Amino acid sequence: MDWLSRLFEMMPVRGRLDLRCAYGVPWRIEQGPGEANEIPYHAVLAGSAILENPAGGRPLLLKTGDILLLPGNPRHVMHDGSGAVPLKARNRAALNFTISENPGADERLDLLCGHFAIAPPHDRLLRNYLPPVLIVNAGAHAGQRGTAGQLAGLVALMRGETADDQLGGRAMLNALTTAMFALVLRLASETDAAPRGLLALAGHSRLAPAVAALFSAPARAWTLPALARLCNMSRATLARQFQEKLGCSPSDLLTDIRMSLAANQLRTSSVSTGAVGEAVGYQSEAAFQRAFKSHMGVTPAQWRKTTREPAGLADLKLARPEEISTNEKA
């Protein structure tokens, strides 16, 4: 199994489409932050938008075909760039989603807005290893082969579902949104300038064997020399590359993977704490207890007690479309 599939197996993602926005200039959107476990997204179907960069720095231009993820789940502002007082936006319910629109006629924006829900503690791990702002573009690749073409085709399906709004549309849109998350990460990892984090690490051909090994066999007692041999490089080079690309060491990544797997097992099974620790690579229950408490802030028993009741992501509270504020001065 490849590392990205393994990642999604460890931390299931549930996607949801909240709004389809149809705005004419002037317009402005203010959203976030959402629920603690959410990553918001925006997909530009037509037109353009200015994002006031929540990570700081210059505003970012979003154009047709751009898909924006905000793993840090910040409050964020998007607008048309005119500086004019925005027209009042109104929401109306469709069968399977909500449409937000204003009366503007010029320079129309067509935008899908939604979010991805990730169960804790996996939301924290993803935020640590993804950039605060992630943008990919698939607009010029419709009908082509490869990840960009697949992503363009998927967004086209979402556009069609929101246009037709047929029976079963909500299930279709949420399933397509979930798949979009994987394709966005895959496409970002394939670019020449993959953002710092897991995407840059996995997209680095020489480091990919080490990433795959850590995800596929986390219970193994991996050492820096063993990982370096897989990558045909020295220990010093491997350690430096991990630090430059990911911002931490291979052992830090391994611990995060182990703790994510352990948290899942403690929440969903009744096996002993010692057995869970052994399954994720700890030779003694005491060592596992110390590592888990240090990483999670609670003991394994406390984690099991507080997370045992929810059956999974289906029970997470998802933001309702009417709770998402769009811009609103008349």
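Report on the accompanying structure. In this text the structure is predicted, and so the values were computed from the model without any measurement.

## Some words on the overall build of the protein chain
Okay, so step 1: Across its full length, the protein chain carries 12 helices and 11 strands.
Okay, so step 2: Computed over C-alpha atoms, the radius of gyration of the protein chain comes to 21 Å, within 12% of the 20 Å expected from 2.2 N^0.38 for 330 residues, which places it in the range of a compact globule.
Okay, so step 3: The principal-axis extent of the C-alpha atoms belonging to the protein chain is close to 65 × 45 × 35 Å.
Okay, so step 4: Here the protein chain holds 330 residues, and the buried ones make up 50% of them.
Okay, so step 5: Restricting to contacts in the protein chain with at least 6 residues of sequence separation, those with at least 24 account for 76%.
Okay, so step 6: For the protein chain, the distance from the average position of its 35 positive side-chain charges to the average position of its 29 negative side-chain charges is 7 Å.

## Quick notes on helix α12 (residues 300–307)
Okay, so step 1: Among all positions of α12, only Pro300, Trp303, Arg304 and Thr307 are buried. Buried residues in α12, looked at end-on, bunch into an arc of 100°, giving them a common side. Within α12, the exposed residues directed more than 90 degrees away from the buried face are Ala301, Lys305 and Thr306.
Okay, so step 2: Next to the buried residues of α12 lie α9 (250–268), α10 (273–279) and α11 (285–296).

## Structural notes on the sheet that holds strand β6 (residues 66–69)
Okay, so step 1: Pairing within the open sheet is mixed, and its 7 strands lie in the order β8-β9-β1-β10-β3-β6-β11. With partners counted over all chains shown, the strands left at the sheet margins are β8 (90–93) and β11 (134–137), one partner each. Pairwise comparison of adjacent strand axes, ignoring direction, gives a mean angle of 20° for this sheet.
Okay, so step 2: As judged from the 4 bridges shared by strand β1 (residues 13–23) and strand β9 (residues 98–101), these two strands associate in the parallel manner. Counted as the bridge partner of Arg20 is Ile99 from β9.

## Brief notes about the nonpolar core
Okay, so step 1: Membership of the largest hydrophobic core comes to 75 residues, with the highest contact counts inside it found for Leu151 and Met180.
Okay, so step 2: With 9 residues, helix α4 (residues 169–190) is the single largest residue contributor to this core.
Okay, so step 3: Residues in contact with Met180, not counting those within four places in the same chain, are Tyr41, Ile67, Phe116, Leu151, Leu154, Val155 and Met158.
Okay, so step 4: The next biggest cluster of nonpolar side chains, apart from the first, holds 17 residues, and it includes Cys21, Ile29, Ala49 and Met78.

## Details of unusual backbone geometry
Okay, so step 1: The omega angle of the peptide bond from Val25 to Pro26 is 0°, so this bond is cis rather than trans.
Okay, so step 2: With respect to the helices and strands, the residue Pro26 is situated in the loop between β1 and β2 (28–31).
Okay, so step 3: The step from Gly32 to Pro33 runs through a cis peptide bond, and the omega angle for that step is -10°.
Okay, so step 4: Along the chain, Pro33 falls in the loop between β2 and β3 (38–46).
Okay, so step 5: A positive phi angle, near 45°, is found at Glu107, a position not held by glycine.
Okay, so step 6: By secondary structure assignment, the location of Glu107 is in the loop between β9 and β10 (109–118).
Okay, so step 7: Positive phi, normally seen in glycine, also occurs at Asp165, with a value near 50°.

## What to know about the sheet that holds strand β4 (residues 49–52)
Okay, so step 1: Read from one edge to the other, the open sheet built from 4 strands follows the order β2-β7-β4-β5, with strand pairing classed as antiparallel. The two strands at the open ends of the sheet, each matched to only one other strand, are β2 and β5 (60–62). Strand-to-strand, the axes of this sheet are offset by a mean angle of 25°, without reference to chain direction.
Okay, so step 2: Here β4 runs beside β5; their pairing, made up of 3 bridges, is antiparallel. Along β5, the bridge assignment pairs Ala49 with Leu62.

## As for the pairing of β10
Okay, so step 1: Buried residues dominate β10, accounting for 10 of its 10 residues.
Okay, so step 2: Residue alternation in β10 divides its side chains into two sets, Leu109, Leu111, Cys113, His115 and Ala117 and Asp110, Leu112, Gly114, Phe116 and Ile118, and both sets are buried.
Okay, so step 3: Sheet topology note: the β1/β10 ladder contains 10 bridges and is antiparallel. Following the sheet pairing, Val13 is matched in β10 by Ile118.

The rules behind the values
Residues numbered from 1 in each chain as written. Predicted model: local features only at pLDDT ≥ 70, side-chain atom pairs only at ≥ 80, totals over all residues. Heavy atoms only, no water. Helix = DSSP H or I, 4+ residues; strand = E, 2+ residues; numbered from the N terminus. Rg over C-alpha atoms; globule rule 2.2 N^0.38 Å. Buried < 20%, exposed > 50% of the residue type's maximum accessible area, 1.4 Å probe, protein only. Contact = heavy atoms within 4.5 Å. Lys, Arg positive; Asp, Glu negative; His and termini not counted. Charge placed at Lys NZ, Arg CZ, Asp CG, Glu CD. Arc of directions from axis to C-beta. Pairing = 2+ DSSP bridges. Axes fitted to C-alpha atoms, helices over the stretch in contact; angles between N-to-C directions. Core = buried A, V, L, I, M, F, W, Y, C linked by side-chain atoms within 4.5 Å.

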